[in-house]
Amino acid sequence: MTAIGAGPPADVPAVRCTGLRQAFGDTVAVDGIDLEVRPGEVFGLLGPNGAGKTTTIRMITTLLPAPPGAIEVFGIDVARRRSAVRRLLGYVPQQLSADGTLSGRENVALFARLFDVPRRDRDAQVDAVLTAVDLLDVADRQVKTYSGGMVRRLELAQALVSAPRVLVLDEPTVGLDPVARDGVWDRITDIRLATGMTVLVTTHAMQEADAQCDRIALMHRGRVQALGTPADLRGALGPDATLDDVFRHHTGDTLADRSGGLRDVRAARRTAGRLG
Amino acid sequence: MSVLPVAPPAASAEDPGPLGTLATAARRVATMCLVELQRLRHDRSELVTRAVQPALWLLVFGQVFTRIHAIPTGDTPYLDFLAPGILAQSALFIAIFYGIQIIWERDAGVLSKLLVTPTPRMALVTAKAFAAGVRAVAQAVVVLLLALVLGVALSPNPLHWLGVVVALLLGSAFFCCLSITIAGLVLSRDRLMGIGQAITMPLFFASNALYPVELMPGWLQVINHVNPLSYEVEALRGLLIGTPARLWLDFAVLLLAAAAMITIASSLLPRLVRG
Ligand SMILES: Nc1ncnc2c1ncn2[C@@H]1O[C@H](COP(=O)(O)OP(=O)(O)OP(=O)(O)O)[C@@H](O)[C@H]1O
Ligand SMILES: [Mg+2]
């Protein structure tokens, strides 16, 4: 991080959740979560469908209400100062959410404007993030002509154009082929090297979490079942354990759905149709 | 070679105060209107397809009823009388669509992404409302050109045209937010489509768009008086073809109605996101 001075001291966690809870009617989606994401690390929320990953993310990103003191982003209370927190976040939701009727460049410029990037820097900043995600040469095409991997990278650009301190990604690679998947992760890694940004990511892909995350919180039924580096988690189970084994150990044998799956699948299909 | 932007120190996190919030809101409205124009530029054919229905009203209904003099409109030819009504109707149909669009945006994650920007909810709703207005005005240009071709005598006064734009913006803002409000109550696109269809035609028929108020039965006149569409039509008609209009009242009603509906729709936005 090149910016020094008025920023918070280095020991303030990028994200701190304390006793996080959220219920929808009778469904307790998040049931008492405590965690700290350190500045500059890639932190993975790992868990089966319906574990409560998206709900946790939506609380951190101010989309769902949280009580005062429950969530802090770089020391700022999400419940008290939403706008200030939003300025620190770049968010990519689970669904493919770019606007198919606009060009890639227009999609990114929209978010530059919504984050009040000054007019004199705007064009340069939009070009810089489009370059960083390898989309500059197709930037003026309508997004409905993009592939899934390209849309995901465009969404990264949208999230990055405001120079966030924390990048929040909800299943950034779900539905992508292995090449597109690597494309997304390579971009994230480059960007992190260039900016020192903190990344909070959810996934149910074990290998991905193992390869990409500095630390992992394994979630199941709204709780954190295990937390640590991928090596720690594997080591705790035995010398030859894979992260898959860790996952099975903590969530039971299956990847069986709770009701969360269908909602998300439906939403993803709708998105596909829209971008179509 | 361009460099990636690096986060500034968290100094911009101060509370902007009411003036700052207002400035933010104004910028957001401008941004969303710009995006609406960009969308229109990418899909100009929509201007044409959406002109078909008003064209039919003017060509068929307007021409026929002008000829048979079935609806007495004094010295004004019926087609001239009808044109502003059809203008308001086309704006109404466009605006009502925005509630459906916002549910779609919620399902697609777009709304979440917009709400994780430093944009107050009310600014976002206001911005949507005026984006609907921008589209309505673009559509109005097409409808008015058609009216000119059909020989409707439109006012040449540029001030009147400015008034037309304002009336369309305010009217569209109201109906757009009405539809976002219903979206926030029913939360599902299918139900909203049903309700949208069930209310637009009555709003249209229970207004002065097709016939003078004096011809309405008493109960319809009562509805007409609380229907913002009637005030929009009265203003448009007064400005475009010079029929008597209470312009101050019309604009005051439109402004208040739009402001009230923006407030209500904003208060339902969290419910829509949570939904
Ligand atoms: N808006 C909502 N209304 C009702 N229930 C909800 C809502 N959002 C989430 N839930 C429920 O809360 C639980 C956790 O859902 P969540 O989306 O957080 O899981 P997830 O870990 O993100 O799952 P996935 O991997 O499928 O995305 C699920 O049982 C889900 O059905
Ligand atoms: Mg999820």
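Residues numbered from 1 in each chain as written. Chains lettered and ligands numbered in written order. Predicted model: local features only at pLDDT ≥ 70, side-chain atom pairs only at ≥ 80, totals over all residues. Heavy atoms only, no water.

## Things to note about the overall build of chain B
Helix and strand counts for chain B stand at ten helices and zero strands. Each helix and strand of chain B, ordered N terminal to C terminal, gives the series α-α-α-α-α-α-α-α-α-α. Relative to the 2.2 N^0.38 estimate, which gives 19 Å for 275 residues, the radius of gyration of chain B is 20 Å and therefore close to what a compact globule would have. In terms of principal-axis extent, the alpha carbons of chain B reach across some 70 × 45 × 35 Å. For chain B, the proportion of its 275 residues judged to be buried stands at 56%. Summed over its atoms, the accessible surface of chain B is roughly 11,900 Å², and 72% of this surface lies on carbon and sulfur atoms. Within chain B, the 14 negative side-chain charges are centred at a point lying 9 Å from the centre of the 18 positive side-chain charges. (Helix = DSSP H or I, 4+ residues; strand = E, 2+ residues; numbered from the N terminus. Rg over C-alpha atoms; globule rule 2.2 N^0.38 Å. Buried < 20%, exposed > 50% of the residue type's maximum accessible area, 1.4 Å probe, protein only. Areas by Shrake-Rupley, 256 points an atom, 1.4 Å probe, with all protein chains shown as cover. Lys, Arg positive; Asp, Glu negative; His and termini not counted. Charge placed at Lys NZ, Arg CZ, Asp CG, Glu CD.)

## Examining the overall build of chain A
Scanning chain A from terminus to terminus reveals ten helices and ten strands. Taking all 276 residues of chain A together, 55% fall into the buried category. Of the roughly 11,500 Å² of accessible surface on chain A, a fraction of 49% belongs to carbon and sulfur atoms.

## Here we look at the confidence of the model for chain A
Residue and element names in this part refer to chain A. When pLDDT is averaged along chain A, the result is 86, and 88% of the positions lie at 70 or above. Ranking the elements of chain A by mean pLDDT puts helix H10 (residues 260-275) last, at 47, and helix H3 (residues 104-114) first, at 97. Every residue in residues 1-6 is under pLDDT 50, and counting partners more than four places away or in other chains gives ten contacts. Scored below 50 in pLDDT, residues 255-262 makes nine contacts in the model with residues more than four places away or belonging to other chains. (pLDDT = per-residue confidence, 0-100. Contact = heavy atoms within 4.5 Å.)

## What to know about the site of ligand 1
Close to ligand 1 lie 20 residues; Asn-49, Gly-50, Lys-53, Thr-54 and Thr-55 of chain A are nearest. More than one chain lines the surroundings of ligand 1; the residues nearby belong to chains A and B. Taking 640 Å² as the accessible area of ligand 1 by itself, protein coverage stands at 90%. Put simply, the parts of the chain that give the shell around ligand 1 at least two residues each are strand E2 (27-37), helix H1 (53-60) and H10 of chain A. By residue class, the composition of the shell around ligand 1 is four nonpolar, eleven polar and five charged. (Near = heavy atom within 4 Å. Nonpolar A, V, L, I, M, F, W, Y, C, P; charged D, E, K, R; others polar.)

## Considering the UniProt feature "transmembrane region" (unreviewed entry) in chain B
Residue and element names in this part refer to chain B. The positions that UniProt labels "transmembrane region" (unreviewed entry) are, in the present scheme, residues 86-104, 125-153, 159-185, 192-211 and 247-269. Its end C-alpha atoms 36 Å apart, residues 125-153 is made of 86% helix and 0% strand. Secondary structure content for residues 192-211 is 70% helix and 0% strand, while the C-alpha to C-alpha distance between its ends is 29 Å. (UniProt positions renumbered as here; feature names shortened; annotations may be inferred.)

## A look at the sheet that holds strand E9 (residues 215-220) of chain A
Residues and elements named next belong to chain A. In spatial order, the strands read E6-E7-E8-E3-E9-E10; together these six strands make up an open sheet with mixed pairing. Looking at strand neighbours, the two that pair on one side only are strand E6 (89-92) and strand E10 (223-228), the edges of this open sheet. Adjacent strand axes in the sheet meet at a mean angle of 15 degrees, parallel and antiparallel pairs treated alike. Sheet analysis places strand E3 (residues 42-46) next to E9, joined by four bridges and oriented parallel. Bridging across to E9, Leu-46 finds its partner in Leu-218. Packing of H1 onto the sheet brings it into contact with E3, E6, strand E7 (166-170), strand E8 (198-203) and E9, and relative to E8 it is tilted by some 150 degrees. (Pairing = 2+ DSSP bridges. Axes fitted to C-alpha atoms, helices over the stretch in contact; angles between N-to-C directions.)

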